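This is what each chain is made of:
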Amino acid sequence: MASELELEMQAIDRSLLECSAEEIAGKWLQATDLTREVYQHLAHYVPKIYCRSPNPCPQKEDMVAQHVLLAPMEWYLCGEDSEFGFPKLQQANKPSHLCGRVFKVGEPTYSCRDCAVDPTCVLCMDCFLGSIHRDHRYRMTTSGGGGFCDCGDTEAWKEGPYCQKHELNTPEIEEEEDPLVHLSEDVIARSYNIFTIMFQYAVEILTWEKESELPADLEMVEKSDTYYCMLFNDEVHTYEQVIYTLQKAVNCTQKEAIGFATTVDRDGRRSVRCGDFQYCEQAKSIIVRNTSSRQTKPLKVQVMHSSLVAHQSFGLKVLSWLGSVIGYSDGLRRILCQVGLQEGPDGENSSLVDRLMLSDSKLWKGARSVYHQLFMSSLLMDLKYKKLFAVRFAKNYERLQSDYVTDDHDREFSIADLSVQIFTVPSLARMLITEENLMTIIIKTFMDHLRHRDTQGRFQFERYTALQAFKFRRVQSLILDLKYVLISKPTEWSDDLREKFLEGFDAFLELLKCMQGMDPITRQVGQHIEMEPEWEAAFTLQMKLTHVISMMQDWCALDEKVLIEAYKKCLTVLMQCHGGFTDGEQPITLSICGHSVETIRYCVSQEKVSIHLPVSRLLAGLHVLLSKSEVAYKFPELLPLSELSPPMLIEHPLRCLVLCAQVHAGMWRRNGFSLVNQIYYYHNVKCRREMFDKDIVMLQTGVSMMDPNHFLMIMLSRFELYQIFSTPDYGKRFSSEITHKDVVQQNNTLIEEMLYLIIMLVGERFSPGVGQVNATDDIKREIIHQLSIKPMAHSELVKSLPEDENKETGMESVIEAVAHFKKPGLTGRGMYELKPECAKEFNLYFYHFSRAEQSKAEEAQRKLKRQNREDTALPPPVLPPFCPLFASLVNILQSDVMLCIMRTILQWAVEHNGYAWSESMLQRVLHLIGMALQEEKQHLENVTEEHVVTFTFTQKISKPGEAPNNSPSILAMLETLQNAPYLEVHKDMIRWILKTFNAIKKLRESSSPSPVAETEGTIMEESSRDKDKAERKRKAEIARLRREKIMAQMSEMQRHFIDENKELFQQTLELDASASAVLDNSPVVSDKTLTALGPAQTQVPEQRQFVTCILCQEEQEVKVESKAMVLAAFVQRSTVLSKDRSKFIQDPEKYDPLFMHPDLSCGTHTGSCGHIMHAHCWQRYFDSVQAKEQRRQQRLRLHTSYDVENGEFLCPLCECLSNTVIPLLLPPRKIFNSRLNFSDQPNLTQWIRTISQQIKALQALGKEEGTPHTTSSKNSENMDEFQLPEGFRPDFRPKNPYSESIKEMLKTFGTATYKVGLKLHPNEEDPRVPVMCWGSCAYTIQSLERILSDEDKPLFGPLPCRLDDCLRSLTRFAAAHWTVASLSVVQGHFCKLFASLVPDDNHGDLPCILDIDMFHLLVGLVLAFPALQCQDFSGTSLGTGDLHIFRLVTMAHIIQLLLTSCTVIPYLSEENGMDEESPAGEEESAVLALYKTLQQCTGSALKEVPPGWHLWRNVRAGILPFLKCSALFFHYLNGVPSPPEMQVSGASHFEHLCNYLSLPSNLVSLFQENNEITKSLIESWCHNIEVKRYLEGERDAISYPRESNKLIDLPEDYSSLINQASNFSCPKSGGDKSRAPTLCLVCGTLLCSQSYCCQTELEGEDVGACTAHTYSCGSGVGIFLRVRECQVLFLAGKTKGCFYSPPYLDDYGETDQGLRRGNPLHLCQERFKKIQKLWQQHSVTEEIGHAQEANQTLVGIDWQHL
Ligand SMILES: [Zn+2]
Ligand SMILES: [Zn+2]
Ligand SMILES: [Zn+2]
Ligand SMILES: [Zn+2]
Ligand SMILES: [Zn+2]
Ligand SMILES: [Zn+2]
Ligand SMILES: [Zn+2]
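Residues numbered from 1 in each chain as written. Chains lettered and ligands numbered in written order. Predicted model: local features only at pLDDT ≥ 70, side-chain atom pairs only at ≥ 80, totals over all residues. Heavy atoms only, no water.

Student: Can you explain the overall build of the protein? Please cite residues and give values.
Tutor: Along the backbone of the protein there are 66 helices and 25 strands. With 1762 residues in all, the protein has 56% of them scored as buried. Look at the contacts in the protein between residues 6 or more apart in sequence, and 76% of them connect residues 24 or more apart. (Helix = DSSP H or I, 4+ residues; strand = E, 2+ residues; numbered from the N terminus. Buried < 20%, exposed > 50% of the residue type's maximum accessible area, 1.4 Å probe, protein only. Contact = heavy atoms within 4.5 Å.)

Student: I'd like a description of the coordination of the zinc ion (ligand 3), backed by residues and values.
Tutor: Surrounding the zinc ion (ligand 3) are the protein donor atoms C112 (SG), C115 (SG), H133 (ND1) and H136 (ND1), which sit 1.9 to 2.2 Å from the metal. Considering all 4 donor atoms around the zinc ion (ligand 3), angles at the metal cover 99 to 116° and the coordination shape is tetrahedral. Every donor residue of the zinc ion (ligand 3) comes from the same chain, spaced as C-x2-C-x17-H-x2-H. Taken together, the positions of C112 in strand β1 (residues 105-112) and H133 in the loop between α6 (125-129) and β2 (138-144) put the pair 21 residues apart, joining distant regions of the chain. Given a relative accessible area of 3%, C112 falls into the buried group. (Donors = N, O, S within 2.8 Å, 3.2 Å for Na, K, Ca; no water. Tetrahedral: all angles 85-135°; square planar, octahedral: opposite > 155°, others 65-115°.)

Student: Quick rundown of the nonpolar core? Include the residues and the values.
Tutor: Counting residues in each nonpolar core, the largest one holds 286 residues, and the members touching the most others are F195, F314, F389 and F501. Setting aside its immediate chain neighbours within four residues, F195 contacts L77, Q200, L322, V325, I326, L332, I335, L336 and V339. Core analysis: the second largest hydrophobic core is formed by 162 residues, V1185, V1221, L1318 and A1376 among them. (Core = buried A, V, L, I, M, F, W, Y, C linked by side-chain atoms within 4.5 Å.)

Student: Before we move on, could you go through the packing of helix α26 (residues 614-628) against helix α30 (residues 692-705) and cite the residues and values that matter?
Tutor: Running from amino to carboxyl end, α26 crosses α30 at an angle of 65°, the nearest separation of the two axes being 8 Å. When you trace α26 past α30, the crossing you get is left-handed. Residues S616, R617, L619, A620, G621, H623 and V624 of α26 lie in contact with α30, whose contacting residues are K694, D695, V697, M698 and T701. The class makeup of the residues in the contact of α26 with α30 is 5 nonpolar, 4 polar and 3 charged. (Axes fitted to C-alpha atoms, helices over the stretch in contact; angles between N-to-C directions. Left-handed = near helix turned anticlockwise from the far one by under 90°. Nonpolar A, V, L, I, M, F, W, Y, C, P; charged D, E, K, R; others polar.)

Student: Would you mind going over the pattern of salt bridges in detail, with residue names and values included?
Tutor: Counted by the stated rule, this structure contains 69 salt bridges. In this structure, D988 and R991 form a salt bridge, with 3.1 Å as the shortest nitrogen-oxygen distance. Of this pair, D988 and R991 both sit in helix α43 (residues 987-1007), 3 residues apart, roughly one helical turn. Taking relative accessible area as the criterion, D988 reaches 17% and is therefore assigned buried. When salt bridges with common partners are traced through the structure, they connect K790, E796, R829, D1706, E1710 and R1717 into a single cluster. (Salt bridge = Lys/Arg side-chain N within 4 Å of Asp/Glu carboxyl O.)

Student: Account for the sheet that holds strand β23 (residues 1696-1700), with residues named and values stated.
Tutor: Taken together, 5 strands build an open sheet; the order of strands is β18-β17-β21-β22-β23 and the sheet is antiparallel. The sheet is open, and its two edges are formed by β18 (1646-1648) and β23, each paired on a single side. Averaged over all adjacent pairs, the angle separating strand axes in this sheet is 30°, with direction ignored. With 6 bridges connecting them, strand β21 (residues 1677-1682) and strand β22 (residues 1687-1692) associate as antiparallel partners. Note that in β22 the partner of F1680 across the bridge is L1689. The sheet strands contacting helix α63 (residues 1665-1673) are β17 (1637-1640), β18, β21 and β22, and the helix crosses β21 at an angle near 135°. (Pairing = 2+ DSSP bridges.)

Student: Tell me about the sheet that holds strand β5 (residues 301-305), and please be specific about residues and values.
Tutor: The pairing of strands in a sheet comes from backbone hydrogen bonds and takes either a parallel or an antiparallel form. Strand order in this open sheet of 3 strands is β4-β3-β5, and the pairing throughout is antiparallel. Only two strands of the sheet have a single neighbouring strand rather than two, namely β4 (269-275) and β5. Pairs of neighbouring strands in the sheet enclose a mean axial angle of 30°, with direction left out of account. With 6 bridges connecting them, strand β3 (residues 227-232) and β4 associate as antiparallel partners. Its bridge partner lying in β4, Y228 is registered against C274. Its contacts with the sheet place helix α10 (residues 254-267) against β3 and β4, and it is angled at close to 135° to β4. Along the sheet, helix α11 (residues 277-291) makes contact with β3, β4 and β5, crossing β4 at roughly 135°.

Student: So, the coordination of the zinc ion (ligand 2): which residues are in play, and what are the values?
Tutor: Surrounding the zinc ion (ligand 2) are the protein donor atoms C127 (SG), C151 (SG), C163 (SG) and H166 (ND1), at 1.9 to 2.3 Å. Between the 4 donor atoms coordinating the zinc ion (ligand 2), the angles at the centre fall across 98 to 114°, so the site counts as tetrahedral. Linear spacing of the donor residues for the zinc ion (ligand 2) on their chain is C-x23-C-x11-C-x2-H. Here the zinc ion (ligand 2) and the zinc ion (ligand 1) are spaced 4.2 Å apart, with C127 acting as a shared donor. In this pair, C151 sits in the loop between β2 and α7 (164-167) while H166 sits in helix α7, placing the two residues 15 residues apart along the sequence. In this pair, the class of C151 matches that of H166, namely buried.

Student: Mind laying out the environment of W321, listing which residues take part and the relevant values?
Tutor: Here W321 is to be found in helix α12 (residues 306-325). Leaving out residues up to four positions away in the same chain, W321 has contacts with L70, M73 and E74.

Student: Go over unusual backbone geometry with me, naming the residues and quoting the values.
Tutor: With an omega of -10°, the peptide bond between Y1600 and P1601 qualifies as cis. Considering the arrangement of structural elements, one finds P1601 in the loop between α61 (1585-1591) and α62 (1614-1622). Despite not being glycine, D1352 shows a phi value in the positive range, around 55°. Note on placement: D1352 falls in the loop between α50 (1328-1350) and α51 (1361-1376). Not every positive phi belongs to a glycine, and S1675 is a case in point at roughly 55°. In this structure, S1675 sits in the loop between α63 and β21.

Student: Could you give an account of a negative patch on the surface, naming the residues involved and the relevant values?
Tutor: Together, E22, E23, D81 and E83 line one region of the surface with negative charge. Locating E22 in the fold gives a position in helix α2 (residues 21-30). (Patch = residues over 30% accessible without salt bridge, like charges linked within 9 Å, V, L, I, M, F, W, Y side chains within 5 Å. Areas by Shrake-Rupley, 256 points an atom, 1.4 Å probe, with all protein chains shown as cover. Lys, Arg positive; Asp, Glu negative; His and termini not counted. Charge placed at Lys NZ, Arg CZ, Asp CG, Glu CD.)

Student: Describe the confidence of the model for the protein, with residues and values.
Tutor: Averaged over every residue, the pLDDT of the protein is 85; residues scoring 70 or more account for 89%. Considering only residues more than four positions removed or in separate chains, one finds that residues 1053-1085, a stretch of pLDDT under 50, has 25 contacts. Taken together, the stretch residues 1268-1277 has pLDDT below 50 and engages in 4 contacts with residues farther than four places along the chain or on a different chain. (pLDDT = per-residue confidence, 0-100.)

Student: Quick rundown of the packing of aromatic side chains? Include the residues and the values.
Tutor: Applying the stated criterion across every chain, the model contains 52 aromatic pairs. Note on F1356 and Y1556: the rings are 5.8 Å apart at their centroids and 75° apart in plane angle, and the pair reads as edge-to-face. Placement of F1356 in the loop between α50 and α51 and of Y1556 in helix α58 (residues 1550-1556) is noted, with a sequence separation of 200 residues between them. Judged by its relative accessible area of 9%, F1356 falls in the buried class. Linked through ring pairs, Y371, F375, F389, F393, Y397 and F423 together constitute an aromatic cluster. Between K300 and the ring centre of F232, over which it is positioned, the NZ or CZ distance is 4.3 Å. Directly above the aromatic system of Y602 lies the positively charged group of R655, at a separation of 3.5 Å from the ring centroid. (Phe/Tyr/Trp six-rings, centres within 6.5 Å; stacked < 30°, edge-to-face > 60°. Lys NZ or Arg CZ within 6 Å of the ring centre and 35° of its normal.)

Student: An account of the state of the cysteines is requested, with residue identities and associated values reported.
Tutor: Think of a disulfide as a covalent bridge from one cysteine sulfur atom to another cysteine sulfur atom. Per the counting criterion, the structure on display carries 0 disulfides. C556 forms no disulfide, and the closest cysteine sulfur to it belongs to C570, at a distance of 8.9 Å. The buried category is assigned to C556, whose relative accessible area is 0%. Unpaired in terms of disulfides, C1582 finds its nearest cysteine sulfur in C1497, a separation of 5.4 Å. A relative accessible area of 5% means that C1582 is categorised as buried. (Disulfide = S-S within 2.5 Å.)

The structure is reproduced here in structure tokens:
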């Protein structure tokens, strides 16, 4: 059926394609009723083009539509073919200098922190790079899509509005030039016509609401019965739900369902079924039934007639067409704007633009985004119409927002979101405020949506329904709009603006009034609260409004008239709020020290109290602004202060602060966490500026306007402490009442809190307006106090500072002055440290410290002082003076009530009785005294002639208390306390106070020559007291010194002990771990020249090796016959060395690993943490892990970081991931080589001959055994003919020397290597097991050699013990493995390997030498050889065999090198060669000779003869890695110590290497020495057809030396990665932007991660793109960079993964995971190298294991779907 339809489609296409644009346009030009003509055309053709098949084929449809529908319009518009017409228009165009680029999802955007008017002003990457801002402080973010580049908008930038590109187009700026002048009259008229018709058409059809009818003039004559079942997007149902439902409803596959769901999610709708009405209706009802539940509405589905869908598709096409047409000319754009905004026939709100906006919430996502984009590229790009559009937008604001609030799409899909584009333009915002009263509209609209109020008219969020909560969430975006409107402050005020702003301010006050006192709470006594009350909504509102409140104040501050008006308004509203606040509350009178005041009876602990007081706080803010203003200084009488009633002002803020104190004292415990959270946010950096801080200001305002004694009494009363301080003997009574311990402690805390509050009221004068400071002083002080807690990273510091509406803290401007920056190392972050000279500004009672911070800071500062050998007093810092309006506040310190409080507390401390006082109480009193002294000192120092210093604190504290209690003076009590043994900590502070007191006394004496009479007595008294004070001081000092000396001695002893132990401890550790290494490297061999192999191998004396089991701690010797000791090991597949990542093992069952290809495409790597156990101890441990895991899986289905079923476990000592164990062995060669050796050993030629014979014999025997039934007679015949080589005994079976336990471990590890390397089920009989063992040995050595070379480390330099142990064990294991394998299998392998170099008749199809990795071949041959040699009794030693194998392979490698190096790179760079080594003449000629031989053998395929030095150099460079690997291999195999020269780095050790390996240093001489066979060998190697093909250029080969693999190069600037990723689209869903573009750091592929579209099936499971990629690219291991998150991702297998810190740092030495801060990021090479090293060392999986062990949440992540 489908094909039929397609045929039909094609048929129609052909007829359609015959349409001529010119003809149709011609007809239109003649038409009298153009609209009708065009509509007829559309009515006829649109349904013929669109919706011809169940599945849309947009490309085809668009192609035909362009031809049949759009081309005539273009023709009509241009009056000629648009191919010529549009370019002409474009040429005539004078484009504006706005960039206007609309951002794609994920595209990087840049904002200049110095020049952007607000943070919403952004540049695209091109514009940014061409702007001046690239050298400024900028912020980078990724766009969420929508929004456009503001380049060229002069209102958006304080400086540099144009980039280079957009600046070019501004010759003489004629902003107001009408773009229409560049168009001809005709074009204007015709565009106007066609735009009107088409825009009208699109709007009509898109907003059409009937499902099966069309507008009358589009209705067709005959109507088919074709319908679509259209599924719409909503934000309620999940992907899975939709997919599941679709499978059910329309019978599609899961894949199709995923496709539908993806499109619905992206475009907002998708037809899921096509057919007759019934058919579609049926699907609809199933979907509706399946997706509705009690809580949720069903998915929206419509059955729509196909012609309607067709017209709607074309309608969208028209809109984008309009968008592209106006791109040719600003004139056309203006015409379109005009058409769009023209009022329609229905008057108000009937323009096309209005109609679209007003039906926004009814349109589907795709339609919305198309017309939003059109608006952005038309209306918002035209300066004239932008204004008109803004007015339309503002007029419709209320409707649009209401639509948005009830719509369920995200804001980015709503037209309401355009507010950011309009309101942030300062001129537009200003215009809308004055002309459209926008501020008021926004606030009123907002209020309208929050109708739920309590009886007092306050917001009530308690018991919100889900719908109300949803609305509340959405309506918050209106606050954002308000913020946008206010963000740019007016530079000048018109009367209009004043009026409208104040009107808005009124509305705002109404809003705040609804918040004043909301969420009131009452203390819970007796029982706990039953349900935590809702508190978050209120705080969310407060938090969102914080910036708006601040901005309101900023606006007010700009104009005195406005400020005073606003102040009055605010005061009025506050009084309304407090209307009759004394009602029902009884007045009471308080009196202390002869002062008395009237107040009301009110207890925070018993009555309602609220944290939300925005009106009071706004007034406090305005008061500070007034205080700062000029009027306050010049004409304070003009200020509206007379109406203020200070007790009323302070009442509510004071209650709030008392509430905090009581919560802290534990009195509100039963009110649960909601209260704790509220108190937390009240002080938190996000809220405090408009909450806590302002309450302090309000109290300061109150104190400065009233008698401080009165204030203090009211305060005592609110703190419920009045009784204590008004009753003289209260303290004494406490001491006896043990029963009330809790109450006493509660009161103590309250007293502490109250004192703290007084400290804050006096000390916090760093807001401009309160004290005589500026804004930077304020920030400096914040930073100083943050850094006195500890050094901090930039981001930490930013987080602790309040941000303004532009997200700026102002920190950068002052940080240099107060802190030093310390750069980060390989890990960690850059840190700021406080400059020492700033420490004196430290205030222990800084009001923004949390309690924890305060005690940390105190500790840190005291420690610092001790380090500097200073006393540890932390006296209050010197403070700036108050502003005049607040100046009288300081008198609180010397007020009678204050002195009374101080005296009382000091008295308690002197009496030192019971619980009635606390040290921190005393500490605070001392601090207050200190503050008062500082104050007095400053007054004295700054006093001018005519003024008298009225601050006389010193005098007041010298006076003893009055009757009746006759207590001593405060000063006297301090002196007493100075020697109190229980106050050691405060001694320094008291001493500081007394010192300062004396200093002030001196100052006073010097300033007033005649001391006041009344103080004389006290001074006399003091001097006598001074004497015995001095005496006591002296004694105390002696005692202190003695104590200190003793302490010092003790701590010295202690340190010594620890130091010694530490060394001891470390020593044991090292010995333990490196036991084997140390023994091995001990210079037992005196011999100068060391030889690693062959008959001349240096003989190493027998060494005994003792190791300790980490599990049972028993020591054991490693011996052949003893129980096995094993190393924990981890075997993994690896592609780290791969030169061809496209290759991977296709079918492991059939894969033959015998020959490794030189591309090393898939190897098996073995690593170990180096920890040794008994085999049986390990078995027991592993069994218990397994059992535990099984139990755990049954109980809770948790994952672990390791996969027990796959044999994984964690090393019991270091928790390193392991999956098998390697047995520890002695050098295995010794065991087999103990047989008699004749002195005469064969040379290479003889040896090859012998071996060939032996192989032949074996093969003959093998054939006989293998084919017993068929041709046995013939074979036995052969046998008769066949002569066994001399001394060869194929029937001999050697005895296995190893103990059972060792044999078992040999098998265990062998099987593990096989299982992991080939991913097969374990099968110890498989002939490939030994091959895998040898391969893992070779591969692991090769990868180590690469790492050493890359790091320029010596081959035998010091290696980490774990690596050394691992390689030794691995090599020896591989060499011993044949003893547990089938002898004939190993012999078979040997024969085959051998045949690749010395051809025989039985192996025809072996790889050619170009396709063999020679090191793997060498390892295989050497390790398989004993299986053959053990049957050879002719006297040829194992060593001889090793040597000859090695030489033979070396020769083959040389030929391989000559073949590959000469053809690929034509010997380049002769000048480069000059400074390198040059060959001796003899070597050069030797290599030339060899090359000529090669030339002969290849039959002149090698044409040119390169210069000898070049060949020589190539061979030497190419063979070096092979020789190094071989040296490592034989070193570990035979245990011959390495030559000392090679243990240090330096120039190439080529000669030493050759000596050690028993090779001539002129390697080519190997060929000359054995010239009898050289020729034939070379001939046989070159004969291979592959060699010929290669030489003829038909195929490639690996060339040598192989370069080390590195991770890909990353760009220096992170934004270029973001840009690259934003251009990347999902490879599967046709041009869609990928949501999580992820870069493979190994090969550079970009992947579409974490998304349905790119899931594939792997081994029967769905996996994400990353996991799938790791299987081909990294054999299961992958290293990725998640570009949007700026996060490195490690993956291993399907279940393992972790995130790793990215190698990108900002200027402050910090990473930015998640790109939240947006600071520019730059590549940190060192960190990237660290990641690369992890990869090269095969440590990624281990790293994941450690990360998962440390952070269990990582285990739960679904890594396979990434
Ligand atoms: Zn731009
Ligand atoms: Zn630009
Ligand atoms: Zn800038
Ligand atoms: Zn043990
Ligand atoms: Zn370990
Ligand atoms: Zn994808
Ligand atoms: Zn890759």
